[in-house]
Amino acid sequence: MQTPPSAPQNDVVAAPPTPPTLQRLREEAPASGECNGVECVGVDVDEGAAPPSVVNSKKVSVVPLVFLIFYEVSGGPFGIETSVKAAGPLLALLGFLIFPFIWSIPEALITAEMGTMFPENGGYVVWVSSALGPYWGFQLGWMKWFSGVIDNALYPILFLDYLKSTVPALSSGLPRIAVALALIVVLTYLNYRGLTIVGWTAVGLGLFSILPFLVMGLVSIRMLKPSRWLVVEKDVNWSLFLTTLFWNLNYWDSISTIAGEVKNPKNTIPIALFCALILVVRGYFFPLLIGTGALPLHPELWKAGYFSDVAKKIGGIWLSWWIAGAAAASNMGMFLAEMSSDSFQLLGMAERGMLPSFFAKRSRYGTPLVGILFSTSGVLLLSWMSFEDTIAAENFLYCFGMILEFIAFVRLRIKYPAAPRPYKIPLGTIGSILMCIPPTMVICVMVVLSPLKVKVVSLIAFIIGLLLWPLLRCAERKKWLKFSVSSHLPELHGENAENVNVPLVDILT
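Residues numbered from 1 in each chain as written. Predicted model: local features only at pLDDT ≥ 70, side-chain atom pairs only at ≥ 80, totals over all residues. Heavy atoms only, no water.

Time to look at the environment of Thr244. Of note, Thr244 is situated in helix H9 (residues 238–248). Sequence separation between Thr244 and Ala92 is 152 residues, and the spatial gap between their C-alpha atoms is 9.8 Å. With near-sequence residues (within four places) excluded, Thr244 lies in contact with Gly79, Ile80, Thr82 and Ser83. (Helix = DSSP H or I, 4+ residues; strand = E, 2+ residues; numbered from the N terminus. Contact = heavy atoms within 4.5 Å.)

Quick look at the structure:
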């Protein structure tokens, strides 16, 4: 991050002279959540303040951040084809217009408020730690990181799937494995070289992925028949339909884990989220409008990768190849963005003393070296999972994490209404609670629709998280591993000893 050497320190809460351990932080944190007599839980950090090791690294500006969010959430219309197969054109079009109001907008608004309230790496982990204590912050961090790694394991495989029609050698065997491994190595190296490089790479990939659909829209105007948009499937596959909507319209909060790497985050994050929201919804709706309106409906053909066939029928083989290349580029962008948020989340957790200090180690480019290697290892280990199981498993884990985020958001609004919020959702306490009800209902539906195998795998992952916390705390007490809270970070005043290991239901009462 490019910051002046003489940047002033936080003028609200003084940083401790030496990095304290997490145990000491829990013992010394005030139980009342007061700061100089005024309630405050937000991390009101001077945006010039930064750890000495990263004062020369560059921060992310608005445009790259918009495309990083775009790739965290969407990456383009690749994968939404199944919504037409499941429900028909009308419900698919309505779904990608209405579902953002139920899920995406509330999640983006919460991310804007909480991300500017806590502008540091770690993002949602820090929000939940401030509201519910470090125990639940860690559980959220584990579930979100694991679901993110599961998500990232998809993209190299999808990259090859989109190219195998033009390069048959990539369908199976050693060439497919070799290209997948090479792609992972190259994209991991880009993450190592710096977040600004990742951001501007995302801009280039995004423009390349969006442009062919603009061309396809212009070519298809003479072929459009509005009556085709009104068709509804007789037997709607609600499970597939809702899963497709949810998978393609979530992860707005992921960008919060790189808030500490953003230039002027208190202004940049809300602006970038707003622009990305428009880009994502437009990027889904208009390709669906073109594909379903320009061609006769054959629902059985609408599966992943079908937009390449649509482009061939509308504009010819050249447009089909462009769409296929755009799909492959989109998967590269999604891998880059997800890897960045996952690795910086681990760094943020280490800076808060939740993980061993070696996770906070940065490369000479300011990137989280150990976090990148750790996340890449997870991608390699989980790449064996099927596409359907991968989506269902990550959705299931993501749902539990979002419940904790909603609870933390509401609890901070109730307990600390006067805390500094550079961006505040223009709703009162009751309005904030009501805003969280529709997405919570969506979460309940997604959990019910998950297959038994996914529920078992997710339960095992949840149990692992419950066991990891006491094991790490034991390693801290016995000094097997070094833990510390970075001295440049202010204290989280919502964190207190009473909240560390008590059941969540007791925290809420």
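Resuming the write-up.
A few words on the packing of helix H6 (residues 134–163) against helix H13 (residues 369–382). One can describe the packing of H6 onto H13 by two numbers: an axis separation of 8 Å at closest approach and a directional angle of 60°. The orientation of H6 relative to H13 falls into the category oblique. In this structure, H6 meets H13 at a crossing whose hand is right-handed. Counting all contacts with H6, which are made through Trp145, Phe146, Val149, Ile150, Asn152 and Ala153, the residues of H13 involved are Phe374, Ser375, Gly378, Val379 and Leu382. Counted by class, the contact of H6 with H13 contains eight nonpolar, three polar and no charged residues. (Axes fitted to C-alpha atoms, helices over the stretch in contact; angles between N-to-C directions. Parallel < 35°, antiparallel > 145°, perpendicular 65-115°, else oblique. Left-handed = near helix turned anticlockwise from the far one by under 90°. Nonpolar A, V, L, I, M, F, W, Y, C, P; charged D, E, K, R; others polar.)

The next point concerns the pattern of salt bridges. A full pass over the atoms with the stated rule returns eight salt bridges. Glu405 serves as the salt-bridge partner of Lys144, at 2.4 Å between the closest nitrogen and oxygen. Residue Lys144 is located in helix H6, and its partner Glu405 is located in helix H14 (residues 387–415); the two are separated by 261 residues in the primary sequence. Judged by its relative accessible area of 3%, Lys144 falls in the buried class. Within the structure, one salt-bridge network assembled from shared partners comprises Glu113, Arg413 and Arg421. (Salt bridge = Lys/Arg side-chain N within 4 Å of Asp/Glu carboxyl O. Buried < 20%, exposed > 50% of the residue type's maximum accessible area, 1.4 Å probe, protein only.)

Let us now look at unusual backbone geometry. You will see that Asn264, though not glycine, has its phi angle at about 50°, which is positive. Topologically, Asn264 is positioned in the loop between H9 and helix H10 (265–294). Exposure remark for Asn264: the relative accessible area of 29% places this residue in the partly exposed category. One non-glycine residue, Lys479, lies in the positive phi region at around 60°.

As a further point, take a nonpolar patch on the surface. On the surface, a cluster of nonpolar side chains totalling about 580 Å² of accessible area is made up of Ile414, Ile430, Ile433, Leu434, Ile437 and Met441. The element contributing the most residues to the nonpolar patch is helix H15 (residues 429–449), with five residues. Within the secondary structure, Ile414 is located in helix H14. (Patch = residues over 30% accessible without salt bridge, like charges linked within 9 Å, V, L, I, M, F, W, Y side chains within 5 Å. Areas by Shrake-Rupley, 256 points an atom, 1.4 Å probe, with all protein chains shown as cover.)

As a further point, take the state of the cysteines. With the rule as written, the count across this model stands at zero disulfides. For Cys399, which is in no disulfide, the shortest distance to another cysteine sulfur is to Cys444 and amounts to 8.8 Å. For Cys399, a relative accessible area of 1% corresponds to the buried category. (Disulfide = S-S within 2.5 Å.)

Attention now moves to the packing of aromatic side chains. The geometry of two aromatic rings is summed up by the distance between their centres and the angle between their planes. Considering all chains together, one arrives at 26 aromatic pairs under this definition. Look at Trp103 and Phe246: their rings are 4.9 Å apart centre to centre, the planes differ by 65°, and that puts the pair in the edge-to-face class. Pair noted here: Trp103 is in helix H4 (residues 89–117) and Phe246 is in helix H9, with a separation of 143 residues, a long-range link. Taking the relative accessible area as the measure of exposure, Trp103 reaches 0% and is therefore buried. Taking the centre distance of 4.4 Å and the plane angle of 25° together, the rings of Tyr251 and Tyr398 count as stacked. (Phe/Tyr/Trp six-rings, centres within 6.5 Å; stacked < 30°, edge-to-face > 60°.)

In short, geometric facts, not functional conclusions.
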